[in-house]
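A look at the structure
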Amino acid sequence: MGNLLSRSSSDSNKGSKRCLDVDEGTRSKRARVEERPLVKEAGLGIVAFVNPNLKGFHSILKYRAEDFIVHEVELDGKIVYLTSYDPPAVTKKVIQKEILAPAEFDAKVAHLLGDSFAKEFRAFLEKPEDVEATLTVDTTKEARLEFYELMEKHSDAKLYSRGKDGQLVIKWSSPQYYDEFVDWKAVGGNYLQAAMFKNGVDTMNAVNIISRKTGIQAKNIGFAGTKDARAITTQYITLKAVKPGRLVLAKEELNKSGIYLGNYSFAPRGLTLGDLKGNHFTIVLRDIKGITIPELNASLKSLKEHGFLNYFGMQRFGTSSVLTHEIGCAIMKKNYEEAVGLILNPRAGEREEWATAREHWQETKNADEALKLFPKRGLSERKLLLSLSKSPDNFKKAIKSLPKNMASLYSHAYQSYIWNKIVTERVRLFGADKPLVGDIVLVEGKKMKHARPVNDVGRRDFEERKVPKILTEKDVNDYSVFDVVYPLPGKQSVYPNNEIKEIYAKLLNHDGLSIEKSSEYFENLKGDYRCMLTKPSDMDWAFYHYNDPTAKLCNTDIENIERQPSPEDIEGEYIYIYIYYYPIRYVNLTFYF
């Protein structure tokens, strides 16, 4: 990683870096088209430092997964931990059934789904011992609902059935959770909430994996913040009207993908992006070299006292050769064909199965054939192709078919890219030590009536939302640099009344957008504000020694559940730093101070 703390980190020994825990056996089986190009911070606007004169040093970050642990912090300040896998207590559902004779039952199935399927379904029902058997049939939503009602009232077969991509999918259900019943009013809300611990997968992909393994649509899974794949993270997710048993049954499959769920509860409102106070970090830097302990203490003290530039980190922009903010920019300009191409066309450094599917699409533009080639985990790609197979060349409809949380990630990435660029230019031109006349701070505003969204998603109290204020010569000295915020571009964003606004205009114009036409380009984005500079809270650190360069140096939630002992300091050859602090809103993975 090099120095986490100052400019000279860019000269670190890159050869000592190691990516987050990768299964070597799995990696040996992966065919690569070519090496993935390194995504540079500078290309995403991450350039400036609060204190460029601090001494740099060499270290290794993320040698093991446990070296970078993130726990989300709720709006009320509580840190999210995974401490138990136990599902919440629910009741058994009691239904008065009128079991139909096989002939009468089969006739009703045939009426809904056809004679051929009715025969297949009867054969399926007569072999309950074949627990792996699966039936699928093309059908309408209305027919599926009638089928569910038919099974519930007139059959004693314990089945799991759901709709997916215009089909009805039927499997044998686990007897343990078949009769599970949740009285949503009695438990206090329509949302199941669970702590999600994940290792080696980002939040969006984790949601997609949960969707595939449980049959729960990804759009019905909410979360407050996106967490990087190159970390071990714990955060809450919410699932609308989902019974706990569906997740419990998928436990083993989810665990294989590095996802563990627990600490179940019920909530009246679902989570959406931004419903968090910050993140709690536990970081291990290994093999510290090129700096003395007193010098390193001075750097850490500077971070604690003077803070760091609050850049959006690399995880916001993806890790492939096509970055998410580029897709977001194309969508904002309504260049839907370009956006579809950026998502579907070949990318450098991908695995062979992905490369084959992308090349086939680029060469043939045959959505049906490409859909068969793309891996199941390619949710965005498959959503686009499914839409294009039904409506060829309707690229706008294809983009609109993406899950809302995925589409919003593309747009938010572009907002983040512009924000990073603005902060770098601000520091380059004016430093980062004081507010400027024309800068923006947030102050208490008037109470707004009916400000909360009409649906049951989102937990922030918008009635108490602060409002932007532009500083004048009279009041600029009443605020500190930690009060200064800059807007993420949006149709309701207020921009600084100084040279920084001109920089916004130039950056947006360069990408084919404009402040003047914000309502056109940012139609679904109201905008937001973010502190330029921030300080970690309750930050502390300690130095330890160790001998084994591969040793585990920090416990995770899973190891704490299993009551594994924590690593201890020894008389060792190497030195590592154990840093922990919280809460920081939208913090990135590297500090620039």
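The present account deals with the structure reproduced in this document. (Residues numbered from 1 in each chain as written. Predicted model: local features only at pLDDT ≥ 70, side-chain atom pairs only at ≥ 80, totals over all residues. Heavy atoms only, no water.)

Some thoughts on the environment of Leu113
Put simply, the rule is: Helix and strand assignments follow DSSP, with helices taken as H or I runs no shorter than four residues and strands as E runs no shorter than two, numbered in order from the N terminus. Contact criterion: two residues are considered in contact whenever any of their non-hydrogen atoms come within 4.5 Å of each other.
Mapping Leu113 onto the fold places it in helix H2 (residues 102-113). As for Leu113 and Val137, which are separated by 24 residues in sequence, their C-alpha atoms are 7.8 Å apart. Not counting residues within four places of it along the chain, the set of residues in contact with Leu113 comprises Val137, Thr139, Ala143, Phe147 and Leu168.

Concerning the sheet that holds strand S14 (residues 440-443)
Stated precisely, the cut-off is as follows: At least two DSSP bridges between two strands are required for those strands to pair. Helix axes are fitted only over the stretch in contact, all axes being lines through C-alpha atoms; the angle between N-to-C directions runs from 0 to 180 degrees.
Pairing within the open sheet is antiparallel, and its four strands lie in the order S15-S14-S16-S17. Since the sheet does not close on itself, it has two edges, and those belong to strand S15 (467-470) and strand S17 (528-531), each with one partner. Sheet twist, expressed as the average angle between the axes of neighbouring strands with direction ignored, equals 55°. In the sheet, strand S16 (residues 484-488) pairs with S17 via four bridges, with the strands oriented antiparallel. Residue pairing in the sheet places Tyr486 in a bridge with Arg530 of S17. Packed onto the sheet, helix H17 (residues 404-430) meets S16 and S17 and runs at close to 145° relative to S16.

Quick notes on helix H7 (residues 203-214)
Just so we agree on the cut-off: Here, expected helix span is obtained from the residue count minus one, scaled by 1.5 Å. Buried, partly exposed and exposed residues are distinguished by accessible area as a fraction of the type maximum, computed with a 1.4 Å probe on protein chains only: under 20%, between the cut-offs, and over 50%, respectively. What qualifies as a polar contact is a pair of N or O atoms within 3.5 Å, subject to a donor-acceptor requirement within protein and to the restriction that residues adjacent in sequence count only when both atoms come from side chains.
Helix length check: H7 (twelve residues) gives 16 Å between terminal C-alpha atoms against 16 Å at 1.5 Å per residue, within 8%. By the criterion of burial, H7 is predominantly enclosed, with nine of the twelve residues buried. Taken residue by residue, H7 has Thr203, Met204, Ala206, Val207, Asn208, Ile209, Ile210, Ser211 and Thr214 as its buried positions. In this structure Asp202 caps H7, since a side-chain oxygen of it lies 3.3 Å from the backbone nitrogen of Met204. Of the residues flanking the end of H7, it is Gly215, one or two places downstream, whose phi is positive at about 80°.

Some words on the sheet that holds strand S4 (residues 134-138)
Strand order across the open sheet formed by three strands is S4-S6-S5, with antiparallel pairing between neighbours. Of all the strands in the sheet, just S4 and strand S5 (159-164) have a single pairing partner and so form its edges. Averaged over all pairs of adjacent strands, the angle between strand axes in this sheet comes to 20°, irrespective of strand direction. Alignment of S4 against strand S6 (residues 167-172), held across five bridges, turns out to be antiparallel. By the bridge assignment, Val137 is partnered in S6 with Leu168. The strands touched by helix H3 (residues 115-125) within the sheet are S4, S5 and S6, with S4 carrying the most contacts at an inclination of about 165°. Each of S5 and S6 is contacted by helix H4 (residues 141-154), which is oriented at about 170° to S5, the strand it contacts most.

Here we look at the packing of aromatic side chains
Defined as follows: In summary, the pairing rule links any two rings of Phe, Tyr or Trp, Trp by its six-membered ring, whose centres are within 6.5 Å, and it sorts them by plane angle into stacked for under 30 degrees, edge-to-face for over 60 and tilted for everything else. We call a charge positioned over a ring when the NZ of a Lys or the CZ of an Arg lies within 6 Å of the ring centre and within 35 degrees of the ring normal.
The final tally for this structure, using the stated rule, is 13 aromatic pairs. Between the aromatic rings of Phe121 and Phe124, the centroid separation amounts to 6.2 Å while the plane-to-plane angle is 15°, which identifies the pairing as stacked. Pair noted here: Phe121 and Phe124 are both in helix H3, with a separation of three residues, about one helical turn. This pair shows no difference in class: Phe121 is buried, exactly as Phe124 is. Connected via pairs of aromatic rings, a cluster forms that spans Phe105, Phe117, Phe121, Phe124, Phe147 and Trp172. A cation sits over an aromatic face here: Arg286 above Tyr546, 5.9 Å from the ring centre. The ring of Phe482 has Lys535 sitting right over it, with the charged end atom 5.0 Å from the ring centre.

Quick notes on the pattern of salt bridges
What counts here: Between Lys or Arg on one side and Asp or Glu on the other, a salt bridge is scored when a side-chain nitrogen of the former is within 4 Å of a carboxyl oxygen of the latter.
In this structure the tally under the stated criterion is 20 salt bridges. Among the salt bridges present, the one from Lys469 reaches Asp475, with a minimum N-O distance of 2.7 Å. Here the salt bridges share partners, and the residues they tie into one network are Lys213, Glu253 and Lys256.

Overview of the packing of helix H11 (residues 324-332) against helix H12 (residues 336-344)
What counts, and what does not: When an angle is under 35 degrees it counts as roughly parallel; over 145 it counts as roughly antiparallel; between 65 and 115 it counts as roughly perpendicular; any other value is oblique. Crossing handedness is defined as follows: a turn of the near helix away from the far one that is anticlockwise and smaller than a right angle gives a left-handed crossing, while the clockwise case is right-handed. Polar here means any residue outside two lists: the nonpolar Ala, Val, Leu, Ile, Met, Phe, Trp, Tyr, Cys and Pro, and the charged Asp, Glu, Lys and Arg; Gly therefore counts as polar.
Between H11 and H12, the least distance of the axes is 7 Å, while the angle of their chain directions is 160°. In terms of orientation, H11 and H12 fall into the roughly antiparallel class. Between H11 and H12 lies a crossing of left-handed hand. Where H11 abuts H12, its residues Glu326, Ile327, Ala330 and Ile331 lie against Tyr336, Glu338, Ala339, Leu342 and Ile343. Along the lines of polarity and charge, the residues of the contact of H11 with H12 split into seven nonpolar, no polar and two charged.

Section: the side chain of Thr214
Note that Thr214 resides in helix H7. Look at Thr214 and you get buried, because its relative accessible area is 5%. Discounting residues that sit within four places of it in the chain, Thr214 has contacts with Tyr160, Arg246, Leu247 and Ala250.

A look at the pairing of S14
Pairing of S14 with S15 involves four bridges; the strand directions are antiparallel. Considered in S15, the bridge of Leu442 is made with Pro468. Pairing analysis gives two bridges linking S14 to S16, with the strands arranged antiparallel. Bridge assignment links Ile440 to a residue of S16, and that residue is Val485.

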